[in-house]
Amino acid sequence: MRAIQVRAAGADFELIEKEIPQPKEREVLIKVEACGICHGDALAKEGGFPGLSYPRVPGHEVVGTVDKLGSAVSHWKVGQRVGVGWHGGHCFSCSPCREGEFGACDNSLTTGLSTDGGYAEYMIARSEALHGIPEGLSPLDAAPLLCAGGTTLGALRHSGAKGGDLVAVQGMGGLGHLAVQFAVKLGCKTVALSRGKQKEKLARQLGAHAYIDTSAAEAAKELQTMGGAQVILCTAPGGKGIGELVGGLSRKGHLVLVSFSREPLQIPSVPLLRGARSISGWVGGNLEDTIHFSVHAGVKPMIEVFPLEQAAAAYNKMMDATVLFRSVLKMMN
Ligand SMILES: [Zn+2]
Ligand SMILES: [Zn+2]
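Our subject in this report is the structure included herewith.

What counts, and at which threshold
Residues numbered from 1 in each chain as written. Chains lettered and ligands numbered in written order. Predicted model: local features only at pLDDT ≥ 70, side-chain atom pairs only at ≥ 80, totals over all residues. Heavy atoms only, no water. Helix = DSSP H or I, 4+ residues; strand = E, 2+ residues; numbered from the N terminus. Rg over C-alpha atoms; globule rule 2.2 N^0.38 Å. Buried < 20%, exposed > 50% of the residue type's maximum accessible area, 1.4 Å probe, protein only. Areas by Shrake-Rupley, 256 points an atom, 1.4 Å probe, with all protein chains shown as cover. Salt bridge = Lys/Arg side-chain N within 4 Å of Asp/Glu carboxyl O. Pairing = 2+ DSSP bridges. Axes fitted to C-alpha atoms, helices over the stretch in contact; angles between N-to-C directions. Parallel < 35°, antiparallel > 145°, perpendicular 65-115°, else oblique. Left-handed = near helix turned anticlockwise from the far one by under 90°. Contact = heavy atoms within 4.5 Å. Donors = N, O, S within 2.8 Å, 3.2 Å for Na, K, Ca; no water. Tetrahedral: all angles 85-135°; square planar, octahedral: opposite > 155°, others 65-115°.

Concerning the overall build of the protein
Turning to step 1, where the next piece is worked out: Within the protein, the secondary structure is distributed over eleven helices and 17 strands.
Turning to step 2, where the next piece is worked out: Scaling as 2.2 N^0.38, a compact globule of 333 residues should have a C-alpha radius of gyration of about 20 Å, and the protein matches this with 20 Å.
Turning to step 3, where the next piece is worked out: By principal-axis analysis of the C-alpha atoms, the protein measures approximately 60 × 40 × 40 Å.
Turning to step 4, where the next piece is worked out: When each of the 333 residues of the protein is scored for burial, the buried share is 53%.
Turning to step 5, where the next piece is worked out: Approximately 14,800 Å² of the protein is accessible, and the part contributed by carbon and sulfur atoms is 52%.

Written as structure tokens, this is what we have:
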């Protein structure tokens, strides 16, 4: 099979040919149809993830069909379409697992980091990490829902945002364009925040009720004139800009970060103290919920499709934020 591998931290992607792996007892072999490219893949490319060893095949937004079952797998069927996200499996025995918090498993596997991921024609996955992908949802559209979608819908659900609430989405990229759609479909009055005017038309097409150009207006002040946001979902990095948004929250409002920022956050204390406002972070989510909700509500990622051999170009467009809005690899087989 063909695969894209990273030989060592910081090395370039290389297209290789290797043997198709065989599933062990609790694993399945997936014939990959599509794999989304996510910021998290930078950990495989550049290193820094605990327990990561090389060579490694990245990719944790994987959709394909079950090709072979391990001897102890009975739930899934050969030919069935499945997906795998960041969470690659759990132990069922540790304290979080015993509480049903499999995502917090002390011994969890991470797809494309602790195991080889979906930048390949085939990949091995643990059966407990699989999600059913309904017919009628294209593998290319499904792939970004398995990380970008799960994280943004999960963050909104976790924030407690309810229909009618004012929800602001900061950043209109891979995460933000999904977050706007989810917030709109959850019935929230949705405000898109982005630098410049160029994303306004798209934000409104995706259903946003208002748009704030953060380079021309003070976003916190604008949000306060609308009554203050119950939730601000921050999808774009930038420590200083995010701190300034805290002033746009309503009383008891939540600011939720879903993207990694190298800069430390600068948070003013007064709005936190006076309004019982809070800040938290969120990654991952319930992928079954995400897929079900997206199909039901018609939420779709906007994607640029690349063949496997162009993984480097697809990754670079994602990293410099020029992709509209999510890169997805399409396997040729
Ligand atoms: Zn991801
Ligand atoms: Zn566990």
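A short note on the pattern of salt bridges
Turning to step 1, where the next piece is worked out: One pass over the full model with this rule turns up 18 salt bridges.
Turning to step 2, where the next piece is worked out: Here Arg326 makes a salt bridge to Glu61, at a shortest N to O gap of 2.7 Å. Highlighted residues: Arg326 in strand β17 (residues 326-330) and Glu61 in the loop between α1 (41-46) and β4 (62-69), separated in sequence by 265 residues. Across the pair, exposure class does not vary: Arg326 and Glu61 are buried alike.

Structural notes on the sheet that holds strand β10 (residues 166-170)
Turning to step 1, where the next piece is worked out: An order of β12-β11-β10-β13-β14-β15 is seen for the six strands of this open sheet, with the pairing classed as parallel. What marks the edges here is a single partner per strand, and that holds for β12 (210-213) and β15 (278-281). Strand-to-strand, the axes of this sheet are offset by a mean angle of 20°, without reference to chain direction.
Turning to step 2, where the next piece is worked out: Bridge count for strand β11 (residues 189-194) against β12 is four bridges, and the pairing is parallel.

Quick look at the packing of helix α4 (residues 148-159) against helix α5 (residues 176-185)
Turning to step 1, where the next piece is worked out: It is the contact of α4 with α5, at a shortest axis distance of 9 Å, that shows an interaxial angle of 45°. In terms of axis orientation, α4 runs oblique to α5. For α4 against α5, the interelement crossing comes out right-handed. Together, Ala148, Gly149, Thr152, Leu153 and Leu156 of α4 and Leu178, Ala179, Phe182 and Ala183 of α5 make up the contact between the two elements.

What to know about the coordination of the zinc ion (ligand 2)
Turning to step 1, where the next piece is worked out: Within the protein, the zinc ion (ligand 2) binds to Cys91 (SG), Cys94 (SG), Cys97 (SG) and Cys105 (SG); these donor distances fall in the range 2.3 to 2.4 Å.
Turning to step 2, where the next piece is worked out: Around the zinc ion (ligand 2) sit four donor atoms; with metal-centred angles ranging over 104 to 119°, the donor geometry is tetrahedral.
Turning to step 3, where the next piece is worked out: In the primary structure, the donors to the zinc ion (ligand 2) are separated according to the pattern C-x2-C-x2-C-x7-C.

Some thoughts on the coordination of the zinc ion (ligand 1)
Turning to step 1, where the next piece is worked out: Distances from the zinc ion (ligand 1) to its protein donors, Cys38 (SG), His60 (NE2) and Cys147 (SG), fall within 2.0 to 2.1 Å.
Turning to step 2, where the next piece is worked out: In primary sequence terms, the donor set of the zinc ion (ligand 1) follows C-x21-H-x86-C. Placement of Cys38 in the loop between β3 (27-36) and α1 and of Cys147 in the loop between α3 (139-142) and α4 is noted, with a sequence separation of 109 residues between them. Each member of the pair Cys38 and Cys147 is classed as buried.

Concerning α5
Turning to step 1, where the next piece is worked out: Across the ten residues that make up α5, a large majority, eight, are buried.
Turning to step 2, where the next piece is worked out: All of the buried residues along α5 are Gly176, His177, Leu178, Ala179, Val180, Gln181, Phe182 and Ala183.
Turning to step 3, where the next piece is worked out: Packing partners of the buried residues in α5 comprise α4, β10, β11, α6 (200-205), β13 (229-234) and α10 (287-297).
Turning to step 4, where the next piece is worked out: Just beyond α5, the residue with positive phi is Gly187, at close to 90°.

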